[in-house]
Every structure is written in structure tokens, then in C-alpha cells.
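# A closer look at the structure
Here are the chains, one letter per residue:
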Amino acid sequence: MATAPLVERPPAPVAEPPAYRPKKGVLSYWRLYAAISPFYLLFLAFGLIPVGFSLYLSFHRWDGLGSMEYAGLSQYRYLLTDTDFWSSIGNTLIIWALATFPMIFLAMITAVMLNSAVRFKNVYRFAYFLPNVTSVVAVAIIFGSVFSTNFGLVNALLQAVGLDQIAWLNTPWGIKVAIATLMTWQWTGYNAIIFLAGLQTIPGELYEAARMDGAGPVQTFFRITLPLMRPVLLFVLVISTVTGLQSFSEPQVLLQSTANESTFSGGPDHAGRTMVLYFFQQTFDNNDFGYGAAVAWGIFLVVVIFSIINWRLVQRRGED
């Protein structure tokens, strides 16, 4: 049987080198830069410039109207010995601790319940997230009525079980508990949604394998859920630290009716005067804008330090 003659393939065409294209300069993309410029211009005008000016102002004495007087580091030296500033730090840390740890616990439990719910999931999520989008001023006014001494709901419940009334908004610890309760109610739903998003990323096969091995709900939570949720827990803890240490609207509105000096005094004995309230008091009540700027940078340093401490603690436990 005759075989077909072999047909030689034509040689592949030689690719010509690409034509030289000169590199475009930065100015050739000016339309793209112009399109994104509004964000950077606004950030520059309302972000970087005010921050830089506040740092410059912290080295001067200024009442807001007259000329500035250079003070050097004297205001920072006074800040280190200012007992009122350290007292505001103590108030802020106590309120933050009373609010953050119960809030994280309740948010985690709420997220686990929402993750296991079968019906009306979206309704539950909306209900728990609603406090976070509600006006802080409105919430503080409502909580002021709830913790009222004579007509408050909390004291009515205490009297119903045979206990004495507590002047929540007129005693140091009562003020701190009231503010912490408000902050816990406000942020629990928000953090529960974040925890819920983290729970939904955990593969269901891990829980099925744990159930087959005889693990109960508590063991499953501590052996599977909690270790895999550590990055989300770290995020929530850092965000809660930043927001909690900058609390302002909650104590300011809640205690303005009991303020003995000004709306920034933090109530009786300054028990609710947080760091930010002290900053507003020095700046706008005393018209000392230079020292107020120094207080603001002191607040920034405290927030950074405690955020790093919380981050390191959670990371170390994760390594262990």
C-alpha cells in the first residue's frame, strides 16, 4: 500500500520586534489623577492640615483670638503632672473595661445564636444592628430617663425586688455603670454582625467532624470556633479600644443635666469626665487652645499604647 508523500510544513513567520513606544510621563495621566483628586484634596484640607496645625498649636499658648505665644515643651511637661488629665484617663479606662468585655461576650453569644438560627435571620440581624445606627444623642437621653433616680426604669425594677434606689447619675460608680451600659447596648449588635461574618467563614465540615468525635457544644466552641475566630476577635478588640477610649457623646449628653460646672465636667465629682471631655473642657470652656491640642496628642498616645497592648495580648495567646 502506497504511503502519502510527506508534505513539509512552511517555515513559521519570524515575528517582527515590537515597535518602540516611548514611555508616557506622569502628566499624560492627568485625567485619571483629576478624577481621584477630590478625595485627596478633602483629606488634605480636613485631615492632614488640621492634624499638623494641632501639633504646631500644642507648642504655643493661644486663646483663639490673640496672637500665639511660643511655649515649647512646657505644656507637655504640665500635662504629665496634670492630676485632672490622669483622673480623666482613669475614668475612661474604667468605663472602657466595664463596657468592652461584657459587650464582646454578648456580641459573640449573639453571633453564635444568629449563625444557628434557621428562620428570620435577616430580621434578627437588623434588630441587633439598629442600636448602632440610632442617634447617640437620642439614645443618651433615653438612658438618662432609664437611670433616673426617682422615675427611672432601673430603680423601679430594684424596688420591685425589695432593693433600695440608687442615684445612678449622682454617684461616681453609678455614673460609670450607666455610661458603660449605654455603650454596651449601642455596640453589641454592631460587633455581633462582625462576629457573624467570621463564623460564616468556618467550614461546616469541622463541626460535623467534631460531632462525630463526640464533642459537645461547649467543647466545639472552645476548640474550633474560638481559635478560628481569633483574627476577628483581635479586630473587634482593637476597634472597641479605639472607640471606647474616645467616648464623648455618651457621657456628655447623659450627664449634662447633672453637670455642676459645664456640660464637659462629667457630672458630680467629674466621675464621668473622659479624656475627650477633658479636652473639650480645656479647649472651649477655658479657651486654652494650645493646651487643648497637647491634651489631644496625649489622648492619641494613650489610645495607641492600649491598642498595641491589646493586640499583643491576643497575639500572644494565639501563639500559646
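By convention here, each chain's residues receive numbers from 1 onward along its written sequence. Under the rules for a predicted model, residues below a pLDDT of 70 receive no local features and side-chain atom pairs below 80 are neither given nor counted, while totals for whole chains, interfaces and linings still include all residues. Just so you know, side-chain values use all the structure's heavy atoms and leave hydrogens and water out.

As annotated in an unreviewed UniProt entry, the protein carries the name Sugar ABC transporter permease and comes from Streptomyces ortus. The UniProt entry for the protein carries this comment under Subcellular location (unreviewed entry): "Cell membrane". UniProt positions are given in the numbering used here, feature names are shortened, and annotations may be inferred rather than shown by experiment. Within the UniProt record for the protein, the comment given under Sequence similarities (unreviewed entry) is "Belongs to the binding-protein-dependent transport system permease family."

### Observations concerning the overall build of the protein
By definition, any uninterrupted DSSP run of H or I lasting at least four residues is a helix, any uninterrupted run of E lasting at least two residues is a strand, and each is numbered from the N terminus. When its secondary structure is counted, the protein shows 13 helices and two strands. It only takes one pair of heavy atoms within 4.5 Å for two residues to be counted as in contact. In the protein, 62% of the contacts between residues at least 6 apart in sequence involve partners at least 24 apart. Areas reported as accessible are Shrake-Rupley estimates using a 1.4 Å probe. Residue values count occlusion only from the protein chains shown. When the accessible surface of the protein is totalled, it reaches about 20,300 Å², and 67% of it is carbon and sulfur.

### Examining the layout of surface pockets
Cavity: a set of points on a 1 Å grid over the protein atoms alone where a 1.4 Å probe fits but cannot get out. Pocket: an open set with protein on both sides within 12 Å along at least five of seven lines, its lining residues, like those of a cavity, having an atom within 4 Å of a point. Grid points are joined across faces, edges and corners, and a volume is the space filled by probe spheres set on the points. Its volume calculated, the second largest pocket comes out at about 460 Å³. Lining the second largest pocket are 17 residues, with Ser54, Phe279, Ala293, Ala296 and Trp297 positioned closest to its centre. Within the residue set of the lining of the second largest pocket, elements represented by two or more residues are α1 (30-57), α12 (275-285) and α13 (289-319).

### Some details on empty space enclosed by the protein
Considering all chains together, one arrives at one cavity of 30 Å³ or more under this definition. Among the elements that take part in the lining of the largest cavity, helix α7 (residues 172-199) stands out by supplying five residues, more than any other. Under the scheme applied, nonpolar residues are Ala, Val, Leu, Ile, Met, Phe, Trp, Tyr, Cys and Pro; charged residues are Asp, Glu, Lys and Arg; polar residues are all the others, including Gly. Looking at the lining of the largest cavity residue by residue, the classes come out as six nonpolar, six polar and no charged.

### Thoughts on the UniProt feature "transmembrane region" (unreviewed entry) in the protein
Look at the UniProt record and you will see "transmembrane region" (unreviewed entry) annotated at residues 32-59, 93-114, 126-147, 187-207, 228-248 and 289-309. As annotated, residues 93-114 has a helix share of 100% and a strand share of 0%, and its two end C-alpha atoms lie 31 Å apart. From the first C-alpha to the last, residues 187-207 spans 29 Å; its make-up is 81% helix and 0% strand.

### Points about helix α3 (residues 83-116)
Under the 1.5 Å per step criterion, the end-to-end length of α3 is 50 Å for 34 residues, consistent within 8% with the ideal 50 Å. Backbone nitrogen of Asp84 and a side-chain oxygen of the N-cap are separated by 3.1 Å at the start of α3; the cap is Asp82. One fewer than the residue count of a helix, multiplied by 1.5 Å, yields its expected span. Pairs of N or O atoms are called polar contacts if they sit within 3.5 Å, as long as, within protein, a hydrogen donor faces a hydrogen acceptor (for residues adjacent in sequence, only side-chain-to-side-chain pairs).

### Things to note about the side chain of Ser240
Tracing the chain through its elements places Ser240 in helix α10 (residues 230-244). In this view, Ser240 contacts Trp96, Thr100, Met103 and Asn191; residues no more than four positions away in its chain are not counted.

### Let's talk about the packing of aromatic side chains
Pairing of aromatic side chains requires ring centres within 6.5 Å, counting the rings of Phe and Tyr and the six-membered ring of Trp. Pairs whose planes differ by under 30 degrees are stacked, by over 60 edge-to-face, and all others tilted. The full count for this structure, using the stated rule, is 21 aromatic pairs. Clustering of aromatic rings is evident, with ring pairs tying together Trp62, Phe248, Phe264, Phe279, Phe280, Phe284 and Phe289. Should the NZ of a Lys or the CZ of an Arg lie within 6 Å of a ring centre and within 35 degrees of the ring normal, that charge is described as sitting over the ring. The ring of Trp173 has Lys176 lying over it, and the distance from NZ or CZ to the ring centre is 6.0 Å.

### A few points about unusual backbone geometry
For Asp269, which is not glycine, the phi dihedral falls at a positive 60°. Looking at the element boundaries, Asp269 is found in the loop between α11 (249-254) and α12. With a phi angle near 55°, Asn287 is a residue other than glycine that sits in the positive phi range. By the element assignment, Asn287 lies in the loop between α12 and α13. Asn287 sits in the partly exposed class, given a relative accessible area of 40%. Only protein chains enter the accessibility calculation, which uses a 1.4 Å probe. A residue is then buried if its area is under 20% of the maximum for its type, exposed if over 50%, and partly exposed in between.

### Comments concerning the environment of Thr241
Within the element layout of this structure, Thr241 appears in helix α10. Among the residues examined, Thr241 registers a relative accessible area of 0% and is labelled buried. Residues Thr241 and Phe306, 65 residues apart in the sequence, show an inter-C-alpha distance of 7.3 Å. Each residue touching Thr241, except ones within four places of it in the same chain, is listed here: Trp96, Phe306, Ser307 and Asn310. Of note is the side chain of Thr241, whose polar atom sits 2.7 Å from the backbone oxygen of Leu237.

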